[in-house]
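# Observations on chain architecture
Here are the chains, one letter per residue:
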Amino acid sequence: MSKPAQTETGDGARRRRPRPRTVLLTALALLVAAGLLTAGTGYWAYEHYTGRVQRIPQTFPTNAPVPPPSRGGRNYLLVGLDSRSAVATTGNDAKGALWKYGDQRSDAMMLVHIPDDHSSAYVVSLPRDSWVDIPGRGRAKLNAAYSWGGPPLLIDTVQRLTDVRVDHFAVIDWNGFRKLTDAVGGVDMSMPDGERRHMNGEQALAYVGERKSLPNGDLDRAHRQQNYLRTVLEKVTTSASLSDPLRLKETLDIFTDTISVDERFSDTDMRELVWNMKGVRAGDMTFMNAPVKGTGTEKGQSVVHLDRPACAELWKAFKESSMAAYLSTHRVDRLRAATN
């Protein structure tokens, strides 16, 4: 595989051109695992597979304000890494460092709210180019928080930005995304011309990473990521291959080998989530972008300006676990039935 080319970032620092962007299939691992685990593997699968997931030490910030918990339900921060490492940095097969100053940026960031009744899930993409306050660093793009301080600084930044408590954190890098895609046999995505194109892991990376040719840039790319996640979700939960014990084991091995989660996310917590979400399917999940006011330029960089008042209403719904009511009264940049 050819090495990435060099490119100039907005702040003048030279770094490698990132690989095609990773879509956050960590959400799939957390929210769809129930369907996989209950497809014939039984209690042994709970013990075996949840225990295999790699934990990240010292994930959460210290000496930082912590918002109160949501009134019903939990919130998950799911991250896809734009890693310069040629080897895995997440999961049990990681050979590179999960975080090294300046080496990785959080390319895809999604806040997920799951109500107490576990009947649905609400996924909000946070634009990576959002111009925000980063504790101790001043104003910068949101994805710089991970580059400068790893999971603790990113979590601190997101919690201050939204006033939403992050209960758990999960991360996957581009190596893991590619493996997960190939593990499910690739996906058939609808193209703008109406045709469906089969994509393997490398092709899917290119598809979800494209933004320059899209009318709304990063916002359209976020919908591509969401649409891809939904497509894989539908394939996994409806696939006849789940009745094949060997194929099922191979897929579960890939899922648990490629993601990493916070050290507070115990095996018991994960098993309860898996069990409680067993009935959730793609149609029960709502995907949207955080409200934005527009784009602009800051310090020579192209940035996204969030619509702070509109965001405040969205985060209030997160905190009050009233997302269904919020969606019935607010217009949002929501993933359509088919997004190309």
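Residues numbered from 1 in each chain as written. Predicted model: local features only at pLDDT ≥ 70, side-chain atom pairs only at ≥ 80, totals over all residues. Heavy atoms only, no water.

### Focus: the overall build of the protein
- Within the protein one finds 10 helices and 16 strands.
- Across the 340 residues that make up the protein, the buried fraction comes to 54%.
- In the protein, once contacts between residues fewer than 6 apart in sequence are set aside, the share between residues at least 24 apart is 71%.
- Only carbon and sulfur atoms are counted for the fraction: they give 49% of the accessible area of the protein, which is about 14600 Å². (Helix = DSSP H or I, 4+ residues; strand = E, 2+ residues; numbered from the N terminus. Buried < 20%, exposed > 50% of the residue type's maximum accessible area, 1.4 Å probe, protein only. Contact = heavy atoms within 4.5 Å. Areas by Shrake-Rupley, 256 points an atom, 1.4 Å probe, with all protein chains shown as cover.)

### Let's talk about helix α5 (residues 201-209)
- Looking only at α5, the buried set comprises G201, A204, L205, Y207, V208 and G209.
- Looking at where α5 begins, the residue whose side-chain oxygen comes 3.2 Å from the main-chain nitrogen of E202 is N200. (Polar contact = N/O pair within 3.5 Å; in protein donor to acceptor, adjacent residues only side chain to side chain.)

### So, the packing of helix α4 (residues 174-183) against α5
- Interaxial distance between α4 and α5 falls to 8 Å at its minimum, and their mutual angle equals 120 degrees. By the criterion of interaxial angle, the relationship of α4 to α5 is oblique. Crossing of α4 against α5: the hand is right-handed. On α5, the residues touching W174, F177, R178, T181 and D182 of α4 are G201, E202, A204, L205 and V208.
- Among the residues forming the contact of α4 with α5, the class breakdown is five nonpolar, two polar and three charged. (Axes fitted to C-alpha atoms, helices over the stretch in contact; angles between N-to-C directions. Parallel < 35°, antiparallel > 145°, perpendicular 65-115°, else oblique. Left-handed = near helix turned anticlockwise from the far one by under 90°. Nonpolar A, V, L, I, M, F, W, Y, C, P; charged D, E, K, R; others polar.)

### Topic: the pattern of salt bridges
- All told, the structure shown has seven salt bridges when counted by the stated rule.
- Between R74 and D167 there is a salt bridge, with its nearest N and O atoms 3.7 Å apart. Pair noted here: R74 is in strand β4 (residues 74-83) and D167 is in the loop between α3 (144-162) and β9 (168-173), with a separation of 93 residues, a long-range link.
- A relative accessible area of 45% places R74 in the partly exposed class. (Salt bridge = Lys/Arg side-chain N within 4 Å of Asp/Glu carboxyl O.)

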